[in-house]
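The residues making up each chain are set out below.
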Amino acid sequence: MRRYEMGKWQTLIEQSESSSLSTLAFCKLNELNPSTFYAKRQQLKKAVVSQGFVRSEVVEKTTKYQAQVATANITLLVNNVGLSIPQGTPAVYLAELIGSLS
């Protein structure tokens, strides 16, 4: 088993966190004892917290907004009944609607 200084452990832990491998697979690939890996990771977390610092990561967050375009409605008055119809309604539908209301 290899002996590493804490700086090397920090690098290994960061590599593990950014890899798609499970911790056990990462340890096997790098010939690390999983128990030692977990212990060193815990030591480093405690050391960081005791110094008053917490490891952070900047993640770009984007939000998609769907713009709502105001569309004019057509107001159709038939027999004292008002219907608001969205602009772009097919003429065939309007003709059918007017025919059925008459």
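Our subject is the structure that appears above.
Now for a description of the structure that goes with this document.

1. Notes on the overall build of the protein
For step 1, the next point in the chain: Counting secondary structure elements, the protein contains four helices and two strands.
For step 2, the next point in the chain: In the protein, which comprises 102 residues, the share counted as buried stands at 17%.
For step 3, the next point in the chain: The long-range fraction of contacts in the protein, counting pairs at least 24 apart against all pairs at least 6 apart in sequence, stands at 33%.
For step 4, the next point in the chain: If you sum the accessible surface of the protein, you get close to 8700 Å²; carbon and sulfur atoms cover 54% of it.

2. Here we look at the nonpolar core
One recurring pattern in soluble globular proteins is that nonpolar side chains are buried together.
For step 1, the next point in the chain: Residues W9, L12, I13, F26, C27, L32, F37 and L44 constitute the largest nonpolar core, which totals eight residues.
For step 2, the next point in the chain: When residues of this core are traced back to their parent elements, those giving at least two are α1 (6–18), α2 (23–29) and α3 (34–50).
For step 3, the next point in the chain: Of the residues forming this core, the biggest block, three residues, is contributed by α1.
For step 4, the next point in the chain: In this view, C27 contacts L32, P34 and F37; residues no more than four positions away in its chain are not counted.

3. Focus: α1
For step 1, the next point in the chain: Under the 1.5 Å per step criterion, the end-to-end length of α1 is 18 Å for 13 residues, consistent within 8% with the ideal 18 Å.
For step 2, the next point in the chain: Within α1, burial applies to W9, L12, I13 and S16. Across the axial projection of α1, the buried residues extend over an arc of 100°, all falling on one side. Of the exposed residues in α1, the ones pointing more than 90 degrees away from its buried face are G7 and S18.

4. Observations concerning the environment of G88
For step 1, the next point in the chain: Tracing the backbone through its elements, the reader meets G88 in the loop between β2 (81–86) and α4 (91–101).
For step 2, the next point in the chain: In this structure G88 comes out as exposed when scored by relative accessible area, which is 67%.
For step 3, the next point in the chain: Along the backbone, G88 and N73 are 15 residues apart, and their C-alpha atoms lie at a distance of 8.9 Å.

5. Describing the side chain of S16
For step 1, the next point in the chain: Looking at the secondary structure, you find S16 in helix α1.
For step 2, the next point in the chain: Apart from the residues within four sequence positions on either side, S16 is in contact with L21, T23, F26 and F37.

6. Describing unusual backbone geometry
For step 1, the next point in the chain: Notably, E31 is not glycine yet its phi reads approximately 55°, a positive angle.
For step 2, the next point in the chain: As for its position among the elements, E31 is in the loop between α2 and α3.
For step 3, the next point in the chain: By relative accessible area, E31 is classed as exposed at 55%.

7. What to know about the packing of aromatic side chains
Aromatic ring pairs are defined here through the distance separating the ring centres and the angle between the ring planes.
For step 1, the next point in the chain: The tally for this structure, following the rule as stated, stands at three aromatic pairs.
For step 2, the next point in the chain: Ring geometry for W9 against F37: centres 6.4 Å apart, planes inclined by 65°, an arrangement best described as edge-to-face. One end of the pair, W9, is in helix α1; the other, F37, is in helix α3, with 28 residues separating them in the sequence. Neither W9 nor F37 differs from the other in exposure class; each is buried.
For step 3, the next point in the chain: Here F26 and F37 contribute two aromatic rings whose centre-to-centre distance is 6.1 Å and whose plane-to-plane angle is 55°, an arrangement assigned as tilted. With a gap of 11 residues between them, F26 in helix α2 and F37 in helix α3 connect regions that are remote in the sequence.
For step 4, the next point in the chain: When its relative accessible area of 5% is taken as the criterion, F26 is described as buried.
For step 5, the next point in the chain: F37 sits in the buried class, given a relative accessible area of 0%.

Conventions we followed
- Residues numbered from 1 in each chain as written.
- Predicted model: local features only at pLDDT ≥ 70, side-chain atom pairs only at ≥ 80, totals over all residues.
- Heavy atoms only, no water.
- Helix = DSSP H or I, 4+ residues; strand = E, 2+ residues; numbered from the N terminus.
- Buried < 20%, exposed > 50% of the residue type's maximum accessible area, 1.4 Å probe, protein only.
- Contact = heavy atoms within 4.5 Å.
- Areas by Shrake-Rupley, 256 points an atom, 1.4 Å probe, with all protein chains shown as cover.
- Core = buried A, V, L, I, M, F, W, Y, C linked by side-chain atoms within 4.5 Å.
- Expected span 1.5 Å × (residues − 1).
- Arc of directions from axis to C-beta.
- Phe/Tyr/Trp six-rings, centres within 6.5 Å; stacked < 30°, edge-to-face > 60°.

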